[in-house]
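# Overview (structure and organization)
Letter by letter, the chains look like this.
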Amino acid sequence: MIKAILIFNNHGKPRLSKFYEHYNEDTEQQIIRETFHLVSKRDENVCNFLEGGMLIGGSDYKLIYRHYATLYFVFCVDSSESELGILDLIQVFVETLDKCFENVCELDLIFHVDKVHHILAEMVMGGMVLETNMNEIITQVDTQNKMEKSELFSFQSTRQDR
Amino acid sequence: MSDVMEKTLTALPSLLSLDSQPGSAKLSANSKLGNLIRGITELTSKHEEEKLIQRELSSIKEQVSSPNTTMRQMKELMVRTIYCEMLGYEASFSYIHAIKLAQQGNVLEKRVGYLAVSLFLNESHELLLLLVNTVLKDLQSTNLIEVCMALTVVSQMFPKDMIPAILPLVEEKLSHSKEIIRRKAVLALYKFYLIAPNQVQHIHNKFRKALCDKDPGVMSASLHIYLQLIQENPEGYKDLTMSFVTILKQVVMGKLPMDFNYHCVPAPWLQIHLLRILSLLGKNDQSMSEIMYEILDESLQRAEMNHNITYAILYECVKCIYTIHPKPDLLEKAAKCIGSFVLSPRINLKYLGLKALTYVVQQDPKLVLQHQMTIIECLDHPDLIIKRETLELLFRITNAQNVTVIVEKMLDFLQVSEDNHTTIDLVGKVAELAEKYAPDNEWFIETMNTVFSVGGDVMQPDIPNSFLKLLLEGFDSVEEDKKLRLFAVNSYVSLLQGEPSRLPQRFLQVICWVLGEYAHLNEDVEPDAVLRLLAKLLDMKSSTSETKSWVLIAMTKLCSGGAAFSVAHEVSETYGSSMDTMLRQRAQELQHLSQDSALQSRVFPRSGSQEPVEVDSSLSFLDGFVSEALAAGAAPYKPPHQRQEEMSRSKVLSLEPYGLSLPISMSSCSVTDRQSPTLLSMSSSLSGDSAELSHKASSTTLKLDGVTRVWGREGYLVQREPVQEAAQVEAPSPLRSPRQQGDEDSPHSQTPTPTPTPESEQEKQQLASSLFVGLASPSSVSLMGKSEQTSQRFRRKARIQDKPPTSGEQINNLPPGGAADLLLDSNVSSELVSSLEQTHRNSLDLTANGACDAELPDGDVKEIKTPLSTDDSVLAAGLSPHEGPDRPKDLCLTSYLPAELSGLSHSEITLLCTNQSLDLSACHVQKEDCVELVVFIKNSSDSAAHQLQMQISCEEIEVSCVCDSPVEELKSHSVTVCQYFLTVKRPSVCFDLVGMVYYQLAAGSLQTAQFLYKLPLTSFIRPLAVSTEEYGTMWLAFSHDTKQNLPLMKDEREPLTATLNLLKTKLQLHVVEIIGEEGIVACCLRPDQQCLLHCRMHAGMLAAWLRSPVPDLPDSLLYHCQRALQER
């Protein structure tokens, strides 16, 4: 099971946080801070796995992270997930974001928090990996986006009518 | 692709300035969210941010509550709120609006609404109930996107109690024409299974259908469920092994559509899942493993080393090969794979290689020898995580010969590690190793000193406790004990002479206790010198009041001499008027005892610590006080259960919230009562012992540790069989000294690092030979466990009591001679373990038969072959290892049933375990208010058994002794009986009682016997006679409920009455009333643990609705109802 997915930037500012297990508000913030603290200390050429901190549940939990330019993508998982498998899943996620936003950057994540969440929901559902195929994820997101466009269009046309 | 990605992201900082924003981001930069974010980026301090966000939130609050806000605007507001919440600012006012948005918006607004709900709320949030209707509506929608959204939110969080409401709809989606819907439905159902397993029992067949789905996506989603189910019960799914192997074969051969490929690897995540499932199925099962060999071999070959993801598959393959029944040539290939992982320059692979080595080291220590040089390089790796993993590996291979080196490495690591979590874990491991393998006293004490000073106040509290216990109980010889204690005393005296203010509190407490107890062993040190050192601790600012009271106790023990008197007097003067009552108490004790040396020596007998002291557990010395109080008009004492009954009888106000506290206090009574015979509580002679109580409370937490350790041994033993076989199959390699082997292996092990200079190389070689010593010896190759035991130095007495010597006032009354050979005779213990193992397996088989037949697709529910009768004894009977020959024994045991129980019906007496000396049998008697467990201990040997002690424990059940006097002696071929009251603490479908019997044979060695007794919930169920009106009021008051449709006895003339009567006879329920198509039924476990059942005939089923004040009770009872009705 994936317990949490966190994205924050090099300064520890959260850009996306999704918890699949319930923690209270304060603990969530502490987890983000603690995770950032753990992850940011690490050099570039060390392994991408970390043992979970105290808050998230101790040694049964792993933090698996990747660092892209200004952003850290961290997945917190339990022992039922494969470490390397999750590492590639992060890659798939980032590639998908890149496709959806056409050269994704930190700002895209900031201004389109909701869209990022929707993309993520097509990949991971309730802590379980739902889809690992990038094209499939994009198809799903696209069908939803198409609706958005058509709706935008209809909205505008009604305005013109008035 | 990823390269392109990296480049764009590297270019990002320049894009961050908001003015030159191209593309999509620019558009939204002008929006309100854009303004907010721009505002935030311009801020300089956290405080300003707070102010800004609060302002933003209050403006949002205003807008969302205004009636003019359209859903469209609401959507925009929600996105802003999500952003604020992500930054950690609470916006609870918006939750209800998020739900409203999900309810009323169009598809896109709904999507944001659902998103906000899933981010803001959790499954226990009360507002979530408002979402149920929306979810219901959307599940029935014709718009696929709406259905998808509903399924997503349901799998993120859904109130447990409401699952029955939407379950049929989600189930229906399993046969939806769109694969994405089917897939999401499968995952949603899996989530339901995790929260409430009982409620999805009936759809296991459908899971099988999902596994056979024509769409690979749906199939792979169903693997989540199967991984979980098989983990819980591998026996029940053996028939699926072939299917999983076939699926994996098709995947590996590339039969899936190209879409499923990832970097040219066919469906890697699917493969990983399948391999995990296979390893669970093949564990300890030769026939299943044989089915897998071929495909595992194929996977190993197909996974060409070209991409990360293939390594992930390889790693799973290797783990699987080492988990299932071993096959030599596969093991060889797997070992090669591990080798390439460990030697890889890629650090992630190295990490996994080390993990794999750690995993296989118990089966194949030779593999570690091959890679010893790499391991040593990893010890100096700059990455702490790699180091940490290496230490974990070394921990597994520690033996008496290499313990000093390994512990030194661990302590080195502890000095640099800043992470609390790692410190706690490692400190525990060091303490464990030190206790097990310490080469000598000095080393042991010094290592423990480091453990205490590094671990400080974060370490597990059982470390100091078990250390003190070890000092107290001693081990092999009296002389050795004395030396160890003396060394400890000397070491602590010199520590206190240094800078004690730097030492952690826990360590100071340990020091105080040791000095108090054993300072007299060192005749060179004057007691008043020690006293002065201790007094110094009292003056330190950093000392907590807990530490201070430890200091005072230690001083009380020491202050016998005349010279010490003045120090003691001074101290007691100061603290006699302390604001802290506990300190004042201690100071008073110190003052009085220091003046009265006769009393002092009676309270703290120095040499008499080994003598058993009689304890009056009936507290008869209080009789006078009691009769006086009664004469003065006090109410007579009533036992808790009686009190409770009366309370529930005269129930005017609802007393439920308080109801629970009574059984808890009862349990704490019984705990201390049970311990009193062996652990003599001297403190009872001192008045008002509040400190003692608090220590006891903290000590209860320790017990868990002791228990797990006992079980841990078996977990280890289970793996032995395949290991030995593996060792036999493999050609035994000629024995070489590790040094030689190291020489040979070094050439290819150094590839990843620059060649070290010859000197450092030699150092490493030396380190290697000291680290891996003992690994190559034949005994340790075959089985490391055995060599461990023989070399263990500080042999612990079997944990009769896990109670630590809290403040030193409790002394074990085991005679010192008994300590001579405390380690269990390995024959006996392994036999015990294996018999226990067998009973485990038997019980598994049994439950597997009962529970899983129903899930087979072809298995008709009516044709269950092993019906479990309502008589619970069948369950227990299944546990008996050899049933036939023991029958006659059972019969004669009946005569030993206590007289007061003979009138009541009891379950069949079953043999639980036998060894050379003892036969343990048990049965249970259902009494009016509780269940009584009767254990028969028969001494079948020719010598008498002494000091018989029994411990029974179960997490969900409160066990209290009927009469607690340890049997002093059990003559040969005689029988003794122990009785226990059992009451349910936490309801569960079935309870496992784990029991331990400790005894000594004439030879003097302490022996143990273990057994497991299974009791289903049904034996605790009692009818609850209530009237319909009472039922009505109770129904409204109870908060935990569950609903499910049960089969109805349709063929009867009055199906409802017949069904309820069946439940009545099988489960002892009370049928309150039947009106038309509805019936109400009531039962209870204890007077305060009621459960009400409301049944209605509906569409040929029995719609059952259970309610209770106790969590889990409705679910567990429902399970038994379902069972009873299926079996009829």
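Our subject is the structure listed above.
Right, let's walk through the structure included here. Bear in mind the structure is a predicted one, so any value in this text is a computation, not a measurement. (Residues numbered from 1 in each chain as written. Chains lettered and ligands numbered in written order. Predicted model: local features only at pLDDT ≥ 70, side-chain atom pairs only at ≥ 80, totals over all residues. Heavy atoms only, no water.)

Before going further, it helps to spend a moment on the overall build of chain B. Along its length, chain B carries 50 helices and 19 strands. Out of the 1128 residues in chain B, the part that is buried amounts to 54%. In chain B, the proportion of contacts linking residues at least 24 apart, taken out of those at least 6 apart, comes to 69%. (Helix = DSSP H or I, 4+ residues; strand = E, 2+ residues; numbered from the N terminus. Buried < 20%, exposed > 50% of the residue type's maximum accessible area, 1.4 Å probe, protein only. Contact = heavy atoms within 4.5 Å.)

The next subject is unusual backbone geometry. Although it is not a glycine, B:His263 sits at a positive phi angle of roughly 50°. Residue placement: B:His263 occurs in the loop between strand S1 (261-262) and strand S2 (265-266).

Turning our attention to the packing of aromatic side chains. All names here are of chain B. One pass over the full model with this rule turns up 21 aromatic pairs over all chains. With centroids separated by 5.3 Å and ring planes inclined at 70°, the aromatic side chains of Phe452 and Phe467 adopt a geometry described as edge-to-face. Of this pair, Phe452 sits in helix H26 (residues 441-455) while Phe467 sits in helix H27 (residues 462-473), placing them 15 residues apart in sequence. Just as Phe452 is buried, Phe467 falls in that class too. Here Phe991 and Phe1020 contribute two aromatic rings whose centre-to-centre distance is 5.4 Å and whose plane-to-plane angle is 80°, an arrangement assigned as edge-to-face. Remark: Phe1020 occurs in the loop between strand S13 (1006-1016) and strand S14 (1022-1023) and Phe991 occurs in strand S12 (residues 990-1000); sequence separation between them is 29 residues. Since its relative accessible area comes to 0%, Phe991 is described here as buried. (Phe/Tyr/Trp six-rings, centres within 6.5 Å; stacked < 30°, edge-to-face > 60°.)

Turning our attention to helix H31 (residues 545-558) of chain B. Here H31(B) spans 20 Å end to end across 14 residues, near enough to the 20 Å set by a 1.5 Å rise per residue. Those residues of H31(B) lying buried are B:Thr547, B:Lys548, B:Ser549, B:Trp550, B:Val551, B:Leu552, B:Ile553, B:Ala554, B:Met555, B:Thr556, B:Lys557 and B:Leu558. (Expected span 1.5 Å × (residues − 1).)

Residues and elements named next belong to chain B. Scanning the entire structure with this criterion turns up 37 salt bridges over all chains. In this structure, Glu432 and Lys436 form a salt bridge, with 3.7 Å as the shortest nitrogen-oxygen distance. You can see Glu432 and its partner Lys436 sitting in helix H25 (residues 420-437), 4 residues apart, about one turn around the helix. Judged by relative accessible area, Glu432 falls into the partly exposed class, the value being 27%. Assessed through its relative accessible area of 15%, Lys436 is described here as buried. (Salt bridge = Lys/Arg side-chain N within 4 Å of Asp/Glu carboxyl O.)

With respect to the helices, strands and loops of the structure, B:Ser155 is situated in helix H10 (residues 144-156). Here B:Thr152 takes part through its backbone oxygen, which lies 3.0 Å from a polar atom of the side chain of B:Ser155. Every residue in contact with B:Ser155, bar those within four places of it in the chain, is listed here: A:Met125, A:Gly126, B:Ala188 and B:Lys191. (Polar contact = N/O pair within 3.5 Å; in protein donor to acceptor, adjacent residues only side chain to side chain.)

Another aspect to go through is the sheet that holds strand S9 (residues 957-961) of chain B. All names here are of chain B. One open sheet holds the 5 strands; their spatial order is S5-S6-S7-S11-S9, and the pairing between them is antiparallel. Looking at strand neighbours, the two that pair on one side only are strand S5 (910-914) and S9, the edges of this open sheet. Taken over all neighbouring pairs, the strand axes of this sheet differ in orientation by 30° on average, direction set aside. (Pairing = 2+ DSSP bridges. Axes fitted to C-alpha atoms, helices over the stretch in contact; angles between N-to-C directions.)

Looking now at the pairing of strand S16 (residues 1070-1075) of chain B. Residue and element names in this part refer to chain B. Here 5 bridges tie S16 to strand S17 (residues 1078-1084), and the two strands are oriented antiparallel to one another. By the bridge assignment for S17, Ile1075 is matched with Glu1078. Hairpin connection of S16 to S17: 2 residues between the antiparallel strands, including Gly1076 at a positive phi of 60°.

On the surface, a cluster of nonpolar side chains totalling about 580 Å² of accessible area is made up of B:Leu619, B:Phe621, B:Leu622, B:Phe625, B:Val626 and B:Leu630. Along the chain, B:Leu619 falls in the loop between helix H34 (597-603) and helix H35 (623-631). (Patch = residues over 30% accessible without salt bridge, like charges linked within 9 Å, V, L, I, M, F, W, Y side chains within 5 Å. Areas by Shrake-Rupley, 256 points an atom, 1.4 Å probe, with all protein chains shown as cover.)

All names here are of chain B. Of all hydrophobic cores here, the largest spans 285 residues; its most connected members are Phe244, Leu534 and Met555. Looking at this core, the element that brings in the most residues is helix H18 (residues 308-323), giving 11 residues. Apart from the residues within four sequence positions on either side, Met555 is in contact with Leu531, Leu534, Ala535, Leu538, Val567, Val571 and Leu590. By size, the runner-up hydrophobic cluster in this structure holds 61 residues, among which are Leu970, Leu1017, Leu1118 and Cys1121. (Core = buried A, V, L, I, M, F, W, Y, C linked by side-chain atoms within 4.5 Å.)

Let us look at the packing of helix H30 (residues 527-539) of chain B against H31(B). Residues and elements named next belong to chain B. Packing of H30 against H31 leaves a shortest axis separation of 10 Å and a crossing angle of 165°. One way to sum up the angle between H30 and H31 is to call them roughly antiparallel. For the pair H30 and H31, the sense of crossing is left-handed. Mapping the contact onto sequence places Pro527, Val530, Leu531, Leu534, Ala535, Leu537 and Leu538 in H30 and Lys548, Val551, Leu552, Ala554, Met555 and Leu558 in H31. Partitioning the contact of H30 with H31 into residue classes produces 12 nonpolar, no polar and 1 charged. (Parallel < 35°, antiparallel > 145°, perpendicular 65-115°, else oblique. Left-handed = near helix turned anticlockwise from the far one by under 90°. Nonpolar A, V, L, I, M, F, W, Y, C, P; charged D, E, K, R; others polar.)

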